[in-house]
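Structural overview
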Amino acid sequence: QVQLVESGGGLVQAGGSLRLSCAASGRTFNDYAMGWFRQAPGKEREFVAVISWSVGITYYADSVKGRFTISRDNAKNTVYLQMNSLKPEDTAVYYCAAKRTLSVAITGIQYDYWGQGTQVTVSS
């Protein structure tokens, strides 16, 4: 059974950095794509970034491009989201998601497994 566990969220001042981790277990993920999504209070869930696990292809939402970096560690079965130059509008619950094919996708409905989420709060 696939499990995704996020960690690394917290409170940070604007301009600061955080690194989120998503520990994946239950199978190998070489043929998966792994994504990060976020949901702010009163707003719909939105795509943040995705990586194709074995190929390493990445794609980002325009709102985070140049500030966030998605990566994976094969040995640790972990996906990371390095977030720099954080803004108050980045405040949200961040979710890790896994998709059972390599192709990158930006809509949540295309993902098969989800983590429980980790809160990121950016103060101004």
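Described below are features of the structure shown in this document. (Residues numbered from 1 in each chain as written. Predicted model: local features only at pLDDT ≥ 70, side-chain atom pairs only at ≥ 80, totals over all residues. Heavy atoms only, no water.)

Position of Ser 52 relative to the elements: it lies in strand S5 (residues 46-52). Take Ser 52: its relative accessible area is 2%, and that puts it in the buried class. Within polar-contact distance, the side chain of Ser 52 engages the backbone oxygen of Leu 102 at 2.9 Å. Those residues in contact with Ser 52 that lie beyond four places of it in its chain are Tyr 32, Ala 33, Ile 57, Arg 72, Leu 102 and Val 104. (Helix = DSSP H or I, 4+ residues; strand = E, 2+ residues; numbered from the N terminus. Buried < 20%, exposed > 50% of the residue type's maximum accessible area, 1.4 Å probe, protein only. Polar contact = N/O pair within 3.5 Å; in protein donor to acceptor, adjacent residues only side chain to side chain. Contact = heavy atoms within 4.5 Å.)

So, on to the state of the cysteines. Inspection of the entire model under this criterion finds one disulfide. Here Cys 22 engages in a disulfide with Cys 96; their sulfurs sit 2.1 Å apart. Its S-S torsion of approximately -75° makes the covalent link between Cys 22 and Cys 96 left-handed. Of this pair, Cys 22 sits in strand S3 (residues 18-25) while Cys 96 sits in strand S9 (residues 92-99), and the two are 74 residues apart along the sequence. Accessibility assignment for this pair places Cys 22 and Cys 96 in one class, buried. (Disulfide = S-S within 2.5 Å.)

Now for the sheet that holds S3. Taken together, four strands build an open sheet; the order of strands is S1-S3-S8-S7 and the sheet is antiparallel. Of all the strands in the sheet, the pair left with one neighbour each is strand S1 (3-7) and strand S7 (68-73). Across this sheet, the average inter-strand angle for adjacent strands is 15°, counted without regard to direction. Pairing of S3 with strand S8 (residues 78-83), which is carried by six bridges, proceeds in the antiparallel orientation. Across the sheet, the residue bridging to Ala 23 is Thr 78, located in S8. (Pairing = 2+ DSSP bridges. Axes fitted to C-alpha atoms, helices over the stretch in contact; angles between N-to-C directions.)

Within the structure shown, the criterion is met by six salt bridges. Between Arg 27 and Asp 31 there is a salt bridge whose closest N-O contact spans 2.8 Å. Judged by relative accessible area, which is 37%, Asp 31 ranks as partly exposed. As a salt-bridge pair, Asp 62 and Lys 65 come within 3.1 Å of each other at their nearest N and O atoms. Classification of Asp 62 by relative accessible area gives exposed; the value is 65%. For Lys 65, a relative accessible area of 47% gives the class partly exposed. (Salt bridge = Lys/Arg side-chain N within 4 Å of Asp/Glu carboxyl O.)

Our next topic: a nonpolar patch on the surface. A cluster of nonpolar side chains, namely Val 55, Ile 57, Tyr 59, Val 104 and Ile 106, defines an oily patch on the protein surface of about 440 Å² accessible area. Checked against the element boundaries, Ile 106 lands in the loop between S9 and strand S10 (113-114). (Patch = residues over 30% accessible without salt bridge, like charges linked within 9 Å, V, L, I, M, F, W, Y side chains within 5 Å. Areas by Shrake-Rupley, 256 points an atom, 1.4 Å probe, with all protein chains shown as cover.)

Function-wise, these values are silent; they only describe arrangement.
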